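Coordinate analysis (summary)
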Amino acid sequence: MTMTVELPALERTDAMTPQASPARLRRYARPALGLLLPVGLAVIWEVWVGLGYSTGRLVPPPTRIFATVMELTKSGELSRHITATVTRVAAGFGLGVAAGTVFGAISGYWGLARQLLDPTVQALRAIPSIAWVPLFILWLGIFETSKIALIAVGVFFPVYLGVMGAILSVDRKIVEVGRIFRLSGPAMIRRILLPAVLPAYVVALRVGLGLGWMFVVAAEFMGASEGLGYLLIDGQQLGKPAQIVAAIVIFAILGKTTDWLIEIATAPLLRWQDAFGRQSGAA
């Protein structure tokens, strides 16, 4: 009797162990798979330069870029430039998200506000980012305020469009169900509109963050004395391609890291989704 009870338990344990192991391997394999392309290209270019097919003067090999990064790190310059850039992006991203969320929600929920606001916002969205630079310098000066304002402008538009478009695309039948149950305005927003809007809002945040990293370069062209954008200009003026590429690589790493942090932070809010992407990602 004891054997008949223990054997199935052992069999279940043995059956679960092979299933848990591939799942763990898949979890670690996904980030490694994403690194395969950039690392592979870096190795190929390093070998290409090492074999003498290119001098690597204009496009330095990874070892030269790494040596430049280490040199900047040891001198303390790199941490100072990264801190300045990240601070500007964080401040501009926060302001842009707040303004874009508020105005996007107002335009999406209230038809009259949309008719008043949206044409002007769409016209402003067509203005190139560089066109704002002289105006912000004239209004706000050449210091941090103008730089943060420029980044906030870049973040504002995708967040505004994402929120407004998500609210307008909510299924009318779901809203009618809320009205049948006599939900008040705040209850309608909390229980129906917010869950329906959240997936598109997360995408808008990620797009806005990407534009924030792009706009910070234009912002740091406005007379900045520190920041990764300053490293780009300094490398161009002094003829240091390794420094330019190193700054670009650091931009890419910081941008991907912050995007990943948003994805991780918002994942618990989207667990209710039964979407194709989640099934394919888990496979």
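Rules used throughout
In this convention, every chain numbers its residues from 1, walking through the sequence in written order. Given that this is a predicted model, residues contribute local features only at a pLDDT of at least 70 and side-chain atom pairs are listed and counted only at 80 or more, while totals for whole chains, interfaces and linings are drawn from all residues. Note that the side-chain values use all heavy atoms of the structure and ignore hydrogens as well as water. Strands are runs of DSSP state E lasting at least two residues, helices are runs of H or I lasting at least four, and both sets are numbered from the N terminus onward. Three exposure classes are used, based on accessible area relative to the maximum for each residue type with a 1.4 Å probe and protein chains only: buried under 20%, partly exposed in between, and exposed over 50%. Contacts between residues were defined by any pair of non-hydrogen atoms, one from each residue, lying within 4.5 Å. When a carboxyl oxygen of Asp or Glu is within 4 Å of a side-chain nitrogen of Lys or Arg, the pair counts as a salt bridge. The definition of a nonpolar core used throughout is a set of buried Ala, Val, Leu, Ile, Met, Phe, Trp, Tyr and Cys residues joined through side-chain atoms within 4.5 Å.

Turning next to the overall build of the protein chain. A tally of helices and strands in the protein chain yields eleven helices and zero strands. Reading the protein chain from its N end, one meets helices and strands in the order α-α-α-α-α-α-α-α-α-α-α. For the protein chain, the residues scored as buried account for 33% of the 283 residues in total. Of the contacts formed within the protein chain by residues at least 6 apart in sequence, a portion of 71% connects residues at least 24 apart.

Moving on: helix 9 (residues 228-237). All of the buried residues along helix 9 are Leu 228, Gly 229, Leu 231, Leu 232, Asp 234 and Gly 235. Positive backbone phi, approximately 65°, marks Gly 239, located one or two places after helix 9.

In this section: the pattern of salt bridges. Enumeration according to the criterion identifies six salt bridges in this entry. Here Arg 88 ties to Glu 144 by a salt bridge, and the two come within 2.8 Å at their closest N and O atoms. Of this pair, Arg 88 sits in helix 3 (residues 77-109) while Glu 144 sits in helix 6 (residues 144-168); the two residues are 56 residues apart in sequence, bridging distant segments of the chain. Judged by relative accessible area, which is 3%, Arg 88 ranks as buried. On the basis of relative accessible area, Glu 144 is assigned to the partly exposed category, the value being 36%. Between Glu 220 and Arg 88 there is a salt bridge, with the nearest N and O atoms lying 2.8 Å from each other.

Now for the nonpolar core. Within the largest apolar cluster, 52 residues are counted, with the highest numbers of intra-cluster contacts made by Leu 150 and Tyr 201. Of all the secondary-structure elements, those providing two or more residues to this core are helix 2 (62-75), helix 3, helix 5 (129-140), helix 6, helix 8 (185-220), helix 9 and helix 10 (241-266). Look past the residues within four positions of Leu 150 in its chain and what remains in contact with it is Ser 129, Trp 132, Val 133, Phe 136, Phe 215, Ala 218, Ala 219 and Met 222.

Inspection of the secondary structure assignment puts Gly 96 in helix 3. Measuring from C-alpha to C-alpha, the distance between Gly 96 and Ile 151 comes to 7.6 Å, with 55 residues separating the pair along the chain. Apart from the residues within four sequence positions on either side, Gly 96 is in contact with Ala 152, Val 155 and Phe 156.

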